[in-house]
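# A closer look at the structure
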Amino acid sequence: VGTGATTRYVFSNGASSMLVTTCSAGTTCADVSLSYYQQDLVTSSVVTIGGGNPSAPTTYTALGKSTDSTNPSASSPFWVDHGSQLAFDTTILGTSLSERWLLISPSSVASAPGATITASYQHQFALTSSFLVTGGVDGYATPVLTYTTSSANSSVVIGTQSATVWADSGSHWSITNPLTTEGS
């Protein structure tokens, strides 16, 4: 493989050379069959929206075997079998159960010689909510929590039991205030 090459052919056992025995006249010799893998040199990177720097597990095929790599660096290209899929984890958990990064795109992509494959993740935090009216009477409309998830506005009716939603890091959320009485 020369400098700057983005395609190579590797023996199936990963070796760079193979011992071949020659046969002299009048002896029986076995045929030697060599299998090669065509491989592409690719670069993988991760872009996060909303901050953070998660270790993004990537699965790909090398020498016919599924391989996992954690956050291949843009400065460190790696070899994958030609045409194989590079798959990114859809969710990466943070240091607490209330933090995660959600894959926006792509979930997988086919390799190509010299390709730079970028996975985009949205940084999110869990919002847990419930409501209780104290000192009041029945008949209040249930409040609504409005928040942003995966760069889109969303809303959920809040019940008296705790419920959790995932909101984008740095986004705003709001809740019905004041509560209205039903029928008004």
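Scroll up to find the structure.
Fair warning: this is a prediction, and the values are worked out from it, not measured in the lab.

Scanning the chain from terminus to terminus reveals zero helices and 14 strands. Traced from its N-terminal end to its C-terminal end, the chain shows the element sequence β-β-β-β-β-β-β-β-β-β-β-β-β-β. Looking at the chain as a whole, 27% of its 184 residues are labelled buried. In the structure as shown, the chain presents an accessible area of about 11100 Å², 51% of it carried by carbon and sulfur atoms.

In this section: the pairing of strand β8 (residues 99–105). Of all the seven residues making up β8, five are buried; the element is thus mostly covered by neighbouring parts of the structure. Judged from the three bridges that link them, strand β7 (residues 91–93) and β8 form a sheet pairing that is antiparallel. In the strand pairing of β8, I92 is matched with W101. From the end of β7 to the start of β8, which pair antiparallel, there are five residues.

Following the criterion strictly, the structure yields one aromatic pair and no others. Between Y60 and F78, the aromatic rings sit 4.9 Å apart at their centres with planes inclined by 45 degrees, giving tilted as the arrangement. Highlighted residues: Y60 in strand β3 (residues 57–62) and F78 in strand β5 (residues 78–81), separated in sequence by 18 residues. For Y60, a relative accessible area of 10% puts it in the buried group.

Residues Y9, L34 and Y36 make up a contiguous nonpolar surface patch of roughly 330 Å² in combined accessible area. Relative to the helices and strands, L34 is located in the loop between β1 (7–11) and β2 (36–49).

Apart from glycine, the bulk of residues carry a negative phi angle, and the bulk of peptide bonds sit in the trans form. Between S105 and P106 the backbone carries a cis peptide bond, its omega angle lying at -25 degrees. By secondary structure assignment, the location of P106 is in the loop between β8 and β9 (108–110). Omega for the bond connecting N177 with P178 falls within 30 degrees of zero, at 0 degrees, which places this linkage in the cis form. In this structure, P178 sits in the segment after β14 (174–175). Positioned with a positive phi, L63 is a non-glycine residue whose angle comes to about 55 degrees. Residue placement: L63 occurs in the loop between β3 and β4 (65–70). Take L63: its relative accessible area is 28%, and that puts it in the partly exposed class. With a phi close to 50 degrees, S150 is a non-glycine residue in the positive phi region. Summarising the element assignment, S150 is placed in the loop between β11 (144–149) and β12 (152–157).

So, how was this worked out
Residues numbered from 1 in each chain as written. Predicted model: local features only at pLDDT ≥ 70, side-chain atom pairs only at ≥ 80, totals over all residues. Heavy atoms only, no water. Helix = DSSP H or I, 4+ residues; strand = E, 2+ residues; numbered from the N terminus. Buried < 20%, exposed > 50% of the residue type's maximum accessible area, 1.4 Å probe, protein only. Areas by Shrake-Rupley, 256 points an atom, 1.4 Å probe, with all protein chains shown as cover. Pairing = 2+ DSSP bridges. Phe/Tyr/Trp six-rings, centres within 6.5 Å; stacked < 30°, edge-to-face > 60°. Patch = residues over 30% accessible without salt bridge, like charges linked within 9 Å, V, L, I, M, F, W, Y side chains within 5 Å. Salt bridge = Lys/Arg side-chain N within 4 Å of Asp/Glu carboxyl O.

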